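Observations on chain architecture
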Amino acid sequence: MKLLDLQLQYKSIQQEIDVVIKSVLEKGVFILGEEVEKFEEEMASYCGTSYAIGLNSGTDALLLALKALGIKEGDEVLTTPFTFIATAEVVSLLGAKPVFVDIDPQTFNIDVSKIKDKITTRTKAIIPVHLYGQPADMDPIVAIAKEHQLFVIEDAAQAIGAEYKGKKACSIGDVGCLSFFPAKNLGAYGDAGMLLTKDKRIAERVKMLRNHGSKKKYYHEFLGYSSRLDNLQAAILRVKLRYVDKWNEMRNYNALCYNDFLVGVDGLMTPKISPEVKSVFQQYTIRIKDRDRIQERLASLDIPTAIHYPMPLHLQPALQYLGYTVGDFPEAEKASREVLSLPMYPELSREEITQLCDSIRSCV
Ligand SMILES: *Cc1c(COP(=O)(O)O)cnc(C)c1O
């Protein structure tokens, strides 16, 4: 049993993948190129945006989003403390200040009722994260942003193909950021990421930012980054994009099975499946009392689990300079003590899930 089985996925599409890899190697174009351009078009259309720009990671997508929107030293950016470090890291790296807003205990996403209190004259943007593949409550976020003239950057690194009230993640805010890190629900065979937007000016700026501030070779209008998507990764991702809806469906089915089989387990809360959103279940994450002890017991039965995330961002040593302390975001802190992610990938069978759930029952 694995938490995530990438070899199984490769085996299921091996022939197609091998063909495109060989073809890219034979053509000899490796950084950007035809496959990247086609993949960008396909992703823009898949996500319902006008532009998609291939980058070398999801982290860079967030960084270049902030850069393109002009976020700079002294600015404040609202986000959740219960996410992967990258979401806030890029804000800090630009000299701006991440300002955290506690999470909704049901969804683990930013609590929209607490956003307004954190807005100051320096606030420039909100980064909602669609955690575990479940979209944040975007309507109120967009409304608050409009009212206070803030940019909305969707961190959809865990939510490729997820939907909020019929709209795809990345098509709701000003900018959407995706990661194709191998473990994500549309994963490359290395680092890769993408920024999506409907705004032509943002798209043009990001295209230059990814290539040293340049449009024309060896002519640089401003300072940028080296953050281009590889042709090889784009070719691989184009094959996988044809399967991602099916895989997301399989993940949803697996989540339903888990939810069914875990009904009534003492001290265990399964994820809520809301009719307004379509999660992609990047993670299947439960809340459970006495989490650490249960994780150890499951490990002794060879059942791998993971904790996303054991330490909320406001308590991370790297962000200590922000001055937050224990107790500032009680829901995020509580979640970090209670969450447990169970094995989740499309190919996981109903029988395996049944067995997993029986083991969980025997551990509580
Ligand atoms: C994975 C992830 C990122 C970063 O993506 P990389 O491609 O690994 O740089 C950012 N935010 C969230 C929420 C993530 O899960």
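These remarks concern the structure in this document. (Residues numbered from 1 in each chain as written. Predicted model: local features only at pLDDT ≥ 70, side-chain atom pairs only at ≥ 80, totals over all residues. Heavy atoms only, no water.)

**Describing the nonpolar core**
In plain terms, the rule: Among buried residues, the Ala, Val, Leu, Ile, Met, Phe, Trp, Tyr and Cys ones that are joined through side-chain atoms within 4.5 Å form a nonpolar core. Note on classification: 1.4 Å probe, protein chains only; a residue is buried when its accessible area is under 20% of the maximum for its type, exposed when over 50%, partly exposed between these limits. Strands here are runs of E lasting at least two residues and helices are runs of H or I lasting at least four, both read from the DSSP assignment and numbered beginning at the N terminus. Between two residues, a contact is recorded if the distance between any of their heavy atoms is within 4.5 Å.
Core analysis: the largest hydrophobic core is formed by 59 residues, its most contacted members being F82, I115, Y258, L262 and Y284. Contributing elements (two or more residues each) for this core: strand 3 (97-100), helix 5 (138-148), helix 7 (231-261), strand 14 (284-288), helix 8 (291-300), helix 9 (330-338), strand 15 (339-342) and helix 10 (350-363). At 5 residues, the largest contribution of residues to this core is made by helix 10. When neighbours within four sequence positions are excluded, Y284 is seen to be in contact with A255, Y258, N259, L262, T270, P271, L340, S341, L342 and M344.

**Details of the pattern of salt bridges**
Put simply, the test is: We define a salt bridge as a contact between a side-chain nitrogen of Lys or Arg and a carboxyl oxygen of Asp or Glu at a distance within 4 Å.
A complete count under the given rule lists 21 salt bridges for this structure. Put simply, E34 and K38 hold a salt bridge, and the shortest N to O gap is 3.1 Å. Of this pair, E34 and K38 both sit in helix 2 (residues 34-47), separated by 4 residues, roughly a single helical turn. Look at E34 and you get partly exposed, because its relative accessible area is 45%. R238 is the salt-bridge partner of E35, the closest N and O atoms lying 3.0 Å from each other. Of the two residues, E35 sits in helix 2 while R238 sits in helix 7, which places them 203 residues apart along the sequence.

**Describing helix 5**
Where we set the bar: As used here, the arc is the angular range of directions from the helix axis to the C-beta atoms.
For helix 5, the full list of buried residues reads M138, I141, I144 and A145. In an axial view of helix 5, the angular spread of the buried residues amounts to 130 degrees, which keeps them on one side of the axis. The exposed set on the far side of helix 5, more than 90 degrees from its buried face, consists of K146 and E147. Next to the buried residues of helix 5 lie strand 4 (123-127), strand 5 (151-155) and strand 6 (163-164). Downstream of helix 5 by a residue or two, Q149 has a phi angle that is positive, lying close to 55 degrees.

**Comments concerning the side chain of Q9**
Tracing the backbone shows Q9 in helix 1 (residues 6-27). In this structure, Q9 is in contact with K240, W247 and E347, ignoring residues within four places of it in sequence.

**Quick notes on the site of the ligand**
This is how it is decided: Nearness of a residue to a molecule or strand requires only that one of the residue's heavy atoms be within 4 Å of it. For the purposes of these results, a polar contact is taken to be a pair of N or O atoms within 3.5 Å, where, inside protein, one atom must be able to donate a hydrogen and its partner to accept one; residues adjacent in sequence count only when each atom of the pair is a side-chain atom. Under the convention used here, a 1.4 Å probe and the Shrake-Rupley method define accessible areas, while residue burial counts only the protein chains that appear.
As a matter of local geometry, the ligand sits amid 16 residues, with G58, T59, Q158, S179 and K184 nearest to it. The separation between an oxygen atom of the ligand and a polar side-chain atom of T59 is 2.5 Å. With respect to the ligand, the side chain of S179 contributes an N or O atom lying 2.6 Å from an oxygen atom. Protein burial of the ligand: of its 380 Å² of free accessible surface, 93% is covered by the chains. Elements with a contribution of two residues or more to the shell around the ligand: helix 3 (58-68) and helix 4 (86-93).

**Side note on the environment of S23**
With respect to the secondary-structure elements, S23 resides in helix 1. As a C-alpha pair, S23 and T197 span 174 residues in sequence and 30 Å in three-dimensional space.

**Brief notes about the sheet that holds strand 7 (residues 167-168)**
Under the convention used in this document: Strand pairing requires that DSSP identify at least two bridges connecting the strands.
Strand order across the open sheet formed by 3 strands is 7-6-13, with antiparallel pairing between neighbours. Two strands close off the open sheet at either side, each with one partner strand: strand 7 and strand 13 (277-278). Direction of pairing for strand 6 relative to strand 13: antiparallel, over a ladder of 2 bridges. The partner of E163 across the bridge, within strand 13, is K278.

**Details of the pairing of strand 1 (residues 51-55)**
Every regular strand shows the same layout, with side chains that alternate between the two sheet faces. Counting buried positions along strand 1 yields 4 of 5 residues, so the element is predominantly enclosed. Bridge analysis of strand 1 against strand 9 (residues 193-197) gives 5 bridges, and the strand direction is antiparallel. When the sheet's bridge partners are listed, A52 is paired in strand 9 with L196.

**Some points on the environment of G33**
The residue G33 is located in the loop between helix 1 and helix 2 in this model. For the pair G33 and V90, spaced 57 residues apart in the sequence, the C-alpha separation amounts to 27 Å.

**Quick look at the packing of helix 3 against helix 6 (residues 200-209)**
Applicable threshold: Between N-to-C directions, angles cover 0 to 180 degrees, with each direction set by a line fitted to C-alpha atoms, over the stretch in contact for helices. Oblique is the label for any angle not under 35 degrees, not over 145, and not in the 65 to 115 range, which are roughly parallel, roughly antiparallel and roughly perpendicular in turn. Each crossing gets its handedness from the near helix: less than a right angle anticlockwise from the far helix is left-handed, clockwise is right-handed. Three classes are used, and their members are as follows: Ala, Val, Leu, Ile, Met, Phe, Trp, Tyr, Cys and Pro are nonpolar, Asp, Glu, Lys and Arg are charged, and the others, Gly among them, are polar.
Relative to each other, helix 3 and helix 6 sit at 120 degrees, their axes nearing to 9 Å. The orientation of helix 3 relative to helix 6 falls into the category oblique. Our pair here, helix 3 against helix 6, has a crossing hand that is right-handed. Of the residues in helix 6, those touching helix 3 at L64, K67 and A68 are I202, R205, V206 and L209. For the contact of helix 3 with helix 6, the class distribution of residues is 5 nonpolar, no polar and 2 charged.

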